[in-house]
Amino acid sequence: KEMKNIFSTGIDVYNLKDIDNEKMVEYAEQYSLRGKEKETADILKNDLFSKLNNVVEEKMNVMFNKIYNDKYYIKLDQAWANVDADPLICVPHTHKGHFIVAVYYPLSTDGAISFLNPMPNLLAHQDLKMIGDYNEYNSDFYTQYVKTGDLVVFNAMLHHFAGILKDKRISIAYNGVVLPNDK
């Protein structure tokens, strides 16, 4: 008999086409503040990103609507660019004050984003000798490998971090907030 999941979290992963990745890479290399607080408004109003912004907001709402009712929706609140192994994204972190996060990769050949298990107490008594194959019930973390054009959408309170890489990686990170749907 199959085990029943009683608590769960997930991520959505898409590979987007027809996005001007080259210009986004140029933008990120010029404007990303490595290791410093990011400017979070320009991407949301910049014409270069308008198509991507619309797709990201749509995909955030797809995830939201898989879980919640239609009395609320997700609206993009912040966006910023990250270049390579920026120290701010290489340590586990969450996006406090936001509901859903998305990360788009206009350039990635060996990139990865890792997520920490949000229920570590359930793993407290397991011994490595007890594990045959790692799965959703016994893993401390999950790594999603990403390539150019990938979009990863997930809960903002899920601890995550960028993986170590050899090649150049550019990402555009988004925060979304929940608003009432007054329709």
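Owing to the predicted nature of the structure, the values given are computational and were not obtained by experimental measurement. (Residues numbered from 1 in each chain as written. Predicted model: local features only at pLDDT ≥ 70, side-chain atom pairs only at ≥ 80, totals over all residues. Heavy atoms only, no water.)

1. Details of the layout of surface pockets
Point 1. Of the voids in this model, the largest pocket is the one considered here, and its volume is about 700 Å³.
Point 2. What lines the largest pocket is a set of 22 residues, among which Thr 9, Asn 117, Pro 118, Met 119 and Glu 136 lie closest to the centre.
Point 3. Breaking the lining of the largest pocket down by element, the ones donating at least two residues are strand S4 (111–116) and strand S5 (141–146).
Point 4. For the lining of the largest pocket, the per-class residue count stands at 13 nonpolar, eight polar and one charged.
Point 5. The volume enclosed by the second largest pocket comes to roughly 410 Å³.
Point 6. Along the walls of the second largest pocket sit 26 residues, with Trp 80, Asn 82, Ile 89, His 93 and His 95 positioned nearest its centre.
Point 7. Element by element, the count of residues in the lining of the second largest pocket is highest for strand S8 (residues 169–180), at four residues.
Point 8. Considering only residue class, the lining of the second largest pocket consists of eleven nonpolar, ten polar and five charged. (1 Å grid on protein atoms, 1.4 Å probe; cavity = no way out; pocket = protein on both sides within 12 Å on 5 of 7 lines; lining within 4 Å. Points joined across faces, edges and corners; volume = space filled by probe spheres on them. Helix = DSSP H or I, 4+ residues; strand = E, 2+ residues; numbered from the N terminus. Nonpolar A, V, L, I, M, F, W, Y, C, P; charged D, E, K, R; others polar.)

2. Quick notes on the sheet that holds strand S7 (residues 160–162)
Pairing between sheet strands relies on hydrogen bonds along the backbone, with the strands arranged either parallel or antiparallel.
Point 1. The strand order across the open sheet formed by three strands is S5-S4-S7, and the pairing between neighbours is antiparallel. Either end of the sheet is taken by a strand with one partner, and the two such strands are S5 and S7. The average undirected angle you get between the axes of adjacent strands in this sheet is 20°.
Point 2. As defined by bridge partners, S4 adjoins S7 across three bridges and the pair is classed as antiparallel. In the sheet register, Ile 113 faces S7, and the bridge partner there is Ala 162. (Pairing = 2+ DSSP bridges. Axes fitted to C-alpha atoms, helices over the stretch in contact; angles between N-to-C directions.)

3. Focus: helix H3 (residues 50–67)
Point 1. In a regular helix each residue adds 1.5 Å, so 18 residues correspond to 26 Å; H3 covers 26 Å between its end C-alpha atoms and thus fits that length.
Point 2. Along H3, the residues classified as buried are Leu 52, Asn 53, Val 56, Lys 59, Met 60, Asn 61, Met 63 and Phe 64. (Expected span 1.5 Å × (residues − 1). Buried < 20%, exposed > 50% of the residue type's maximum accessible area, 1.4 Å probe, protein only.)

4. Observations concerning the confidence of the model for the protein chain
Regions with low pLDDT should not have their predicted coordinates read in detail.
Point 1. Mean pLDDT over the protein chain works out to 91, with 97% of the residues at or above the 70 mark.
Point 2. Per-residue pLDDT, averaged within each element of the protein chain, yields its smallest value for S7 (91) and its largest for strand S6 (residues 150–155) (98). (pLDDT = per-residue confidence, 0-100.)

5. Focus on the pattern of salt bridges
Point 1. One pass over the structure, following the stated rule, counts five salt bridges.
Point 2. In this structure, the salt-bridge partner of Asp 20 is Lys 23, at a minimum N-O distance of 4.0 Å.
Point 3. Relative accessible area serves as the criterion here: at 35%, Asp 20 is assigned to the partly exposed category.
Point 4. In this structure, the salt-bridge partner of Lys 168 is Glu 29, at a minimum N-O distance of 3.6 Å. Here Lys 168 is found in the loop between S7 and S8, whereas its partner Glu 29 is found in helix H1 (residues 21–31), with 139 residues between them in sequence. (Salt bridge = Lys/Arg side-chain N within 4 Å of Asp/Glu carboxyl O.)

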